[in-house]
Amino acid sequence: MKSAKIQMKNCKVTVGQSLQQQQNKKMADVLKNKDEVGHILVQVQDDLRQLKKNLVRLTVQENGEVLDIQALDVAISRTEHGIRRHAEDHLKTINNQFLTLPCIEEPEKKPVPAKLVKWQPPYETIPNARPLRCQIPGPSPGEKHKSAFIMRLLNNPFHPKNKEIVQQNYGIQLPHLHKRAWASVGTQRLVTGSTSSFTAAHEGLPKHLHPKPPPECRDMNAGLLPSAADLSSVQTPVQPKAVHVLQREDSGQSKTDESERASKLEMDVSKDKMAFGRSGTESPASRTIYTPPPSAASASSDNGVLNRGIARLTPLNRQSISVPAAVSKYPFTIAEGQIDPEDPDYCRFKKQYCLYWGAIVEALDQLQRMLLDFAVPLARVCGERLAACVQSGELDWRDSRGRLAHVEKLLSVLENRDEVWDLMCQPGQRYKGIEGHQAAAVRIQTCWRRYSAHTAYLLQLRPKWAAQVIAISLLKHAKLGHLKKSLQASRIRQLENYRIRAESLAANWKHITSAKRTIIHVPSLGYSQHQRLSLRGFDVLQNTQMGRLCDIRDENVEVIYVSPVCLGKDVLQYYTRLLGLQTAIELGDASAPESHCSKRFTVLMPEALEYFPTRNMCLASLLKYSPRTLQRIKNLIQGKQVYMISGVTCIDDLAVADELKVPLLGTEPAVTQLYSTKSGGRRIFSSAGVDMPPGKWDIYTLEQLHEGLARLMTEHMEVQRWLFKIDSEVGGRGTACCDACHLKCRPWAQQEFSRYGPEQWRTSQSQIKESVMIKFLEEVPHLLASYAHPANTSCYATWTCFLEHFLREGGVIEAFPPSDSVTCLTVDLLVEPGGDVCMLSCGDQLRGPSGLEVVGCTVPQTSICPDVLHSICTRVGQACQKRSIMGHISLDLVTFLDPSNLEQQQTSVTNRFAVMCTRLLHTNLSLVYYSTFFLMCKAQGIGYDVKARQGTVFALHDSRDRRSLGMLTISEDLQGALLTFARNLSIIHQEISAPNMQGANNFKDLIKDIEEVLGMTIQNQTTSQEEKEITAAESEHL
């Protein structure tokens, strides 16, 4: 016990001496540097508080008796009172202003009892061997818990225990906030930050620890306010409202900082209670609490003590920084990047914010440096905004995300921010400031060094880049070569499979045609890319072969038709009903039930039509890239005898046939390309021994053209017009003509020809003939350039354009028949795989306005003897078979009256006649739906009579554009069929056209051609009738 008392006495003496020395030292520092006053007072306050806590927890036990340490506590309190008194005296002489201590950070926030009692441990239960608490370094968990609770109460001025704890710990008697008011606001201080309401402060505590409401203030003049303060005109204090928690983004702090951050709240202050001249339109983010400064009389009060009240609360974000709506209370000016230390505004600002002047000085240094660098002549600083930014730490360079962000934060404290920013943004402004010449030199050197380094780097990379380009090119070349080889191998394999399946098809052809079979119709036109791209409506042109569906008239045939266009339900229903009339037509009874033909034909549309809508790809290519359609065809033909029929075959037809594993009834693509041209056709006709017009083929140069034309005109002086045809063109598109009558030496050459006669002229090799050819050769270039013209100017506008394609694609020169009565006919042949030649149809052509393009035909033909036609077709078919040409072939023949004998054999047949056009064009058809179109035709009497087996039938091509369709008129005689066809065209044109909207069409040209044919038919009938009468009269006379 005695040793414990001696120890306590020594502790008292040591503590007293330490406190006295610390007090003297810190008070001397205050006199030396008034800016360090706040820091010293805070340090002394912390030391005293920590010492009192240690003494409260100090336990000394000896022989079961507890030592009383109350005497030491009284000594510490006396020392603390002396410090406050001397500090107040010194501060009164320094700045004559009542100061507020900085914030005391709370270490941790945990719920603790609301009532603080002095803890005395049961000394009987503590063994004597336990060391003293004062010897253990660091605070205990109990101390942390108690300190956190005390700091939470200190941060909440509305808590009922707040004044009591402040008075106990700091000896300061605080007044009630709701009764405080001040009459003057001249030197008020702006304190920003978040405060918590009474409810939020104890929301996390248990119910039994909830503090009571704050008691009434007993002494308004105790502690914080001096007795001389004027409280006569006090306004209504700030009232708490609903709060919301503001979370900071800094996640690197300790758990204690996180608990402190979560407890900070932002108080919503109503507009009508914002005192001290604040604007009523201020946003909640910038609401503040104003603390008025003390009066001068408080400095002389004997009972005045150092303010240790609640510290400032740091804003959590930029939005919480208070920016006055009107004029700043502490503004000062920075002129030419310098601050005048004698400026009254600056001195007043420095006096107001002296507690954290060190941080403000650092911010001002950065601001001055920036203004000097950019030679800003005048900058007006908002003191409150600068202080708020310094408090929040936003002007810390280490926390900024870049120099631009830091500059923006510095500019945010200026009242003339926009003017300063505009000046700083001017080009070259940085180099007008301090050390501007050096900065400009550094910038120039930097740019030049960067340019030099970059140039050297590019030069160094050039070999590497070249090596990469070479390597990539070689790799691409290797891959492309590999791809070409694989494609070539694939095409060779497909060709071999085609030949194998063609041999099998030829061997079993008779059996296949007599049994049930499935025909896959792919109406593909394998033209060259130039042809396909130049043809408008190429997909509809391919679909003009919808008549292939009529193969189901054979009950053993099923048809799978692949359509190159999208067909709607209306078109499919039309063909279903049309083909269902087969039974009714055969019986001549319209009431007969429809045949179930819809089960024997299927129309498929490749899905690639959606992928390549504008590429003008042939149907075989579209089908090749349509795996779902190919798979469906495989499912439909499984276990059946099948073969495939194409149009103009190409390599993709072989690929589709090989994918489906079916034989192709057609010719190899290479053979097709060779003999489907004009020159190839003349080779076949020549080998078949068929008479041909005089001409020359395989012309690819201008010299061949001039020399060939001159020789042909010399050999055939009777020919007046010569035709030039491009090999690859179809439908009369690539045809041009030139009349020989424009030659200047033509009359002289005609005289020489008349002197020798036709037969002798052709067989003789006289010098006159050679001289005529030389004269023609000299004039041919001028003749072609001046008088040759394309027949169809929509494809080739001028002779120059036509000649360019003619020489590039190749072509022929051909004589136009020297007669006014010329008839062209078309014959469709089938060269069967077994070797037989079958003529499927024949008809006389209906020509367009140029006389060289086909627009329709009349069936059957009446211009040539059927036996002669059959003989010609047989010979041509056999010639094609020798050249491995197989499948469907179309021949164009010409008949005319021979001028030498004016004889043309005619035959009389007893059959029905038909006029057919596969492509009637009219742009106004797209304005009418098919249902409306058929109703219109029905109202005008356009239709087919099943009982009479005559009338009109239409062929629909597509459901989208609807600009073209086919029409077939059937009658008992040719004249009736022509009249019906012309009448239908006239009616349809009148119904779908208006006077101001005629539309582009070929109806009028067809009507004119039909009128000419009708005139010739009537003339032929009259001549035939006269010949019959003369013959009958001669017979009677004999």
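Everything numeric here is computed off the predicted structure, so don't read it as measured data.

### Observations concerning the overall build of the protein chain
Reasoning step 1: Across its full length, the protein chain holds 33 helices and 27 strands.
Reasoning step 2: By the burial criterion, 43% of the 1038 residues in the protein chain qualify as buried.
Reasoning step 3: A fraction of 73% describes how many contacts in the protein chain between residues 6 or more apart in sequence connect residues 24 or more apart.

### Thoughts on the pairing of strand β27 (residues 964-971)
Looking along a regular strand, one sees the side chains alternate between the two faces of the sheet.
Reasoning step 1: Burial runs high along β27: six of the eight residues are buried.
Reasoning step 2: By the bridge criterion, six bridges tie strand β26 (residues 950-956) to β27 in an arrangement that is antiparallel. Directly across from Gly-951, in β27, lies its bridge partner Ile-970.

### Re the sheet that holds strand β11 (residues 557-562)
Reasoning step 1: Read across the sheet, five strands follow the order β12-β11-β10-β13-β14 without closing on themselves; strand pairing throughout is parallel. If you trace the sheet from one side to the other, it starts and ends with β12 (601-604) and β14 (664-665), each paired once.
Reasoning step 2: The pairing of strand β10 (residues 517-521) with strand β13 (residues 642-645) spans four bridges and is classified as parallel. Within the sheet, the bridge partner assigned to Ile-519 lies in β13 and is Tyr-643.

### With respect to helix α13 (residues 436-507)
Reasoning step 1: Its 72 residues place the ends of α13 99 Å apart at the C-alpha level, agreeing with the 106 Å of an ideal helix rising 1.5 Å per residue.
Reasoning step 2: Of all the bends in α13, the greatest, near 35 degrees, is centred on Arg-462, and the proline Pro-463 appears no more than four residues after it.
Reasoning step 3: Taken together, the buried positions of α13 are occupied by Gly-436, Ala-439, Ser-490, Gln-494, Tyr-498, Arg-501, Ala-502 and Leu-505.
Reasoning step 4: For α13, the secondary structure elements touched by its buried residues are α14 (509-514), β13, α22 (651-660) and β14.

### Describing the packing of helix α26 (residues 746-756) against helix α28 (residues 767-787)
Reasoning step 1: Between α26 and α28, the shortest axis-to-axis distance is 11 Å and the interhelical angle comes to 155 degrees. Judged on the interaxial angle alone, α28 and α26 are roughly antiparallel. In the crossing of α26 with α28, the sense of the turn from one axis to the other is left-handed. In this structure, α26 uses Trp-748, Ala-749, Glu-752, Arg-755 and Tyr-756 to contact α28, whose residues at the interface are Ile-768, Ser-771, Val-772, Lys-775 and Phe-776.
Reasoning step 2: Class assignment for the residues of the contact of α26 with α28 results in six nonpolar, one polar and three charged.

### Focus: the pattern of salt bridges
Any two side chains of opposite charge can pair, given that their charged atoms come close.
Reasoning step 1: Throughout the structure, instances matching the rule amount to 20 salt bridges.
Reasoning step 2: A salt bridge links Arg-733 to Glu-729, with the nearest nitrogen and oxygen atoms 3.0 Å apart.
Reasoning step 3: Glu-729 sits in the buried class, given a relative accessible area of 4%.
Reasoning step 4: Connected via shared salt-bridge partners are Asp-539, Arg-960 and Asp-961.

### Considering the sheet that holds strand β7 (residues 331-335)
Reasoning step 1: The strand order across the open sheet formed by three strands is β8-β7-β9, and the pairing between neighbours is antiparallel. Only two strands of the sheet have a single partner each, and these edge strands are β8 (338-339) and β9 (378-382).
Reasoning step 2: Inspection of the sheet shows β7 paired to β8 by two bridges, in the antiparallel sense. Of the residues in β8, the one forming a bridge with Ile-334 is Ile-339.
Reasoning step 3: Those strands touched by helix α8 (residues 344-352) are β7, β8 and β9, and its axis lies near 125 degrees from that of β7.
Reasoning step 4: Of the strands in this sheet, β7 and β9 are in contact with helix α10 (residues 383-392), which crosses β9 at around 65 degrees.

### Quick word on helix α9 (residues 357-373)
Reasoning step 1: Between the first and last C-alpha of α9 there are 24 Å, a value that for 17 residues agrees with the 24 Å anticipated at 1.5 Å per step.
Reasoning step 2: Buried within α9 we find Trp-357, Ile-360, Ala-363, Leu-364, Gln-366, Leu-367, Gln-368, Met-370, Leu-371 and Asp-373.
Reasoning step 3: Looking at the residues trailing α9, positive phi occurs at Ala-375, about 55 degrees.

### Quick look at the environment of Glu-779
Reasoning step 1: Note that Glu-779 resides in helix α28.
Reasoning step 2: Residues Glu-779 and Ala-710, spaced 69 residues apart in sequence, show a C-alpha to C-alpha distance of 8.8 Å.
Reasoning step 3: With residues near it in sequence (within four places) discarded, Glu-779 still touches Leu-743, Lys-744 and Cys-745.

### Considerations on the environment of Gly-834
Reasoning step 1: The residue Gly-834 is located in the loop between β20 (822-831) and β21 (837-847) in this model.
Reasoning step 2: You can call Gly-834 exposed: its relative accessible area is 53%.
Reasoning step 3: The residues contacting Gly-834, other than those within four sequence positions of it, are Ala-506, Trp-509 and Gln-881.

### Thoughts on the packing of aromatic side chains
Reasoning step 1: Evaluation of the coordinates by the stated rule reveals 20 aromatic pairs.
Reasoning step 2: Between the aromatic rings of Tyr-330 and Tyr-353, the centroid separation amounts to 5.8 Å while the plane-to-plane angle is 80 degrees, which identifies the pairing as edge-to-face. In this pair, Tyr-330 sits in the loop between β6 (289-291) and β7 while Tyr-353 sits in the loop between α8 and α9, placing the two residues 23 residues apart along the sequence. Pair check on accessibility: Tyr-330 and Tyr-353 agree, each one buried.
Reasoning step 3: Three or more aromatic residues link up through ring pairs in this structure, and these residues are Tyr-330, Phe-332, Tyr-346, Phe-349, Tyr-353, Tyr-356 and Trp-357.

### Some words on the nonpolar core
Reasoning step 1: In this structure, Ile-520, Leu-920, Phe-933, Phe-954 and Phe-981 are the most contacted members of the largest nonpolar core, which totals 74 residues.
Reasoning step 2: Top contributing element to this core by residue count: helix α32 (residues 974-992), with nine residues.
Reasoning step 3: Each residue touching Phe-933, except ones within four places of it in the same chain, is listed here: Leu-925, Val-928, Phe-954, Leu-965 and Ile-988.
Reasoning step 4: Ala-740, Leu-743, Tyr-796 and Ala-815 belong to the second largest nonpolar core, which has 33 residues in total.

### Here's the deal with the confidence of the model for the protein chain
Reasoning step 1: On average, residues of the protein chain score 75 in pLDDT, and 70% of them reach the 70 mark or higher.
Reasoning step 2: In the predicted structure, residues 1-16 sits below a pLDDT of 50 and forms 19 contacts with residues beyond four places in sequence or in another chain.
Reasoning step 3: A low-confidence stretch, residues 905-910 stays under pLDDT 50, and its non-local contacts, those more than four residues away or across chains, total six contacts.

### So, the packing of helix α25 (residues 702-715) against α28
Reasoning step 1: Their axes nearest at 8 Å, the elements α25 and α28 cross at an angle of 130 degrees. Taken together, the axis directions place α25 and α28 in an arrangement best described as oblique. The interaxial crossing formed by α25 with α28 has right-handed handedness. Together, Leu-705, His-706, Glu-707, Leu-709, Ala-710, Arg-711, Met-713, Thr-714 and Glu-715 of α25 and Lys-769, Val-772, Met-773, Phe-776, Leu-777, Val-780, Pro-781 and Leu-784 of α28 make up the contact between the two elements.
Reasoning step 2: The residue makeup of the contact of α25 with α28, split by class, is 11 nonpolar, two polar and four charged.

### Some thoughts on the side chain of Gln-531
Reasoning step 1: Inspection of the secondary structure puts Gln-531 in helix α15 (residues 529-534).
Reasoning step 2: A residue is classified by how much of its surface remains accessible, and Gln-531, at 7% relative accessible area, is buried.
Reasoning step 3: Not counting residues up to four positions away in its chain, the partners in contact with Gln-531 are Ser-728, Glu-729 and Val-730.

### Some remarks on a nonpolar patch on the surface
Reasoning step 1: Together, Leu-480, Leu-483 and Leu-487 make up an exposed nonpolar region whose accessible area comes to about 260 Å².
Reasoning step 2: As for its placement among the helices and strands, Leu-487 is situated in helix α13.
Reasoning step 3: Note on Leu-487: relative accessible area 42%, which makes it partly exposed.

### Thoughts on unusual backbone geometry
Reasoning step 1: In this structure, Pro-860 follows Val-859 across a cis peptide bond, with omega equal to -10 degrees.
Reasoning step 2: With respect to the helices and strands, Pro-860 occurs in the loop between β22 (854-859) and α30 (866-882).
Reasoning step 3: With a phi close to 55 degrees, Arg-949 is a non-glycine residue in the positive phi region.
Reasoning step 4: Mapping Arg-949 onto the fold places it in the loop between β25 (944-945) and β26.

### As for the state of the cysteines
Simply put, disulfide is the name for a covalent bond between the sulfur atoms of two cysteines.
Reasoning step 1: The tally for this structure, following the rule as stated, stands at zero disulfides.
Reasoning step 2: The thiol sulfur of Cys-741 is not disulfide-bonded, and the nearest other cysteine sulfur, from Cys-738, lies at 8.4 Å.
Reasoning step 3: Using a relative accessible area of 48% as the deciding quantity, one classes Cys-741 as partly exposed.

Scoring rules and cut-offs
- Sequence order as written defines the numbering, with residues in each chain counted from 1.
- Where totals are concerned, whole chains, interfaces and linings use all residues; where local detail is concerned, this predicted model gives features only for residues with pLDDT of at least 70, and gives and counts side-chain atom pairs only at 80 or more.
- Values shown for side chains rest on all heavy atoms present in the structure; no hydrogens or waters enter the calculation.
- The way it works is that DSSP assigns letters per residue, a run of H or I at least four long becomes a helix, a run of E at least two long becomes a strand, and they are numbered from the N terminus.
- Only protein chains enter the accessibility calculation, which uses a 1.4 Å probe; a residue is then buried when its area is under 20% of its type maximum, exposed when over 50%, and partly exposed in between.
- Note on contacts: a residue pair qualifies if any of its non-hydrogen atoms lie within 4.5 Å across the two residues.
- We treat two strands as partners when DSSP finds at least two bridges between them.
- Helix span, expected: 1.5 Å multiplied by one less than the number of residues in the helix.
- What we call the bend at a residue is the angle made by axes fitted to the seven residues finishing there and the seven residues starting there.
- The angle between two axes is taken between their N-to-C directions and runs from 0 to 180 degrees, where each axis is a line fitted to C-alpha atoms and a helix contributes only its stretch in contact.
- The labels follow the angle: roughly parallel below 35 degrees, roughly antiparallel above 145, roughly perpendicular from 65 to 115, and oblique for the rest.
- Should the near helix be turned anticlockwise from the far one by less than a right angle, the crossing is left-handed, and should it be turned clockwise, the crossing is right-handed.
- Ten residues, namely Ala, Val, Leu, Ile, Met, Phe, Trp, Tyr, Cys and Pro, are considered nonpolar, four, namely Asp, Glu, Lys and Arg, are considered charged, and the remaining ones, Gly among them, are considered polar.
- Any carboxyl oxygen of Asp or Glu within 4 Å of a side-chain nitrogen of Lys or Arg constitutes a salt bridge here.
- Centre distance within 6.5 Å is the pairing criterion for rings of Phe, Tyr and Trp, where only the six-membered ring of Trp is used; planes under 30 degrees apart are then read as stacked, over 60 as edge-to-face, and the remainder as tilted.
- We call a set of buried residues a nonpolar core when its members are Ala, Val, Leu, Ile, Met, Phe, Trp, Tyr or Cys and they connect through side-chain atoms within 4.5 Å of each other.
- Confidence of the predictor in every single residue is expressed as pLDDT, which spans 0 to 100.
- Note that patches include only residues with greater than 30% relative accessible area and no salt bridge, and the join distances are 9 Å for like charges and 5 Å for nonpolar side chains (Val, Leu, Ile, Met, Phe, Trp, Tyr).
- Working definition of accessibility: Shrake-Rupley area with a 1.4 Å probe, residue cover restricted to the visible protein chains.
- Cysteine sulfur pairs qualify as disulfides if the two atoms are within 2.5 Å.

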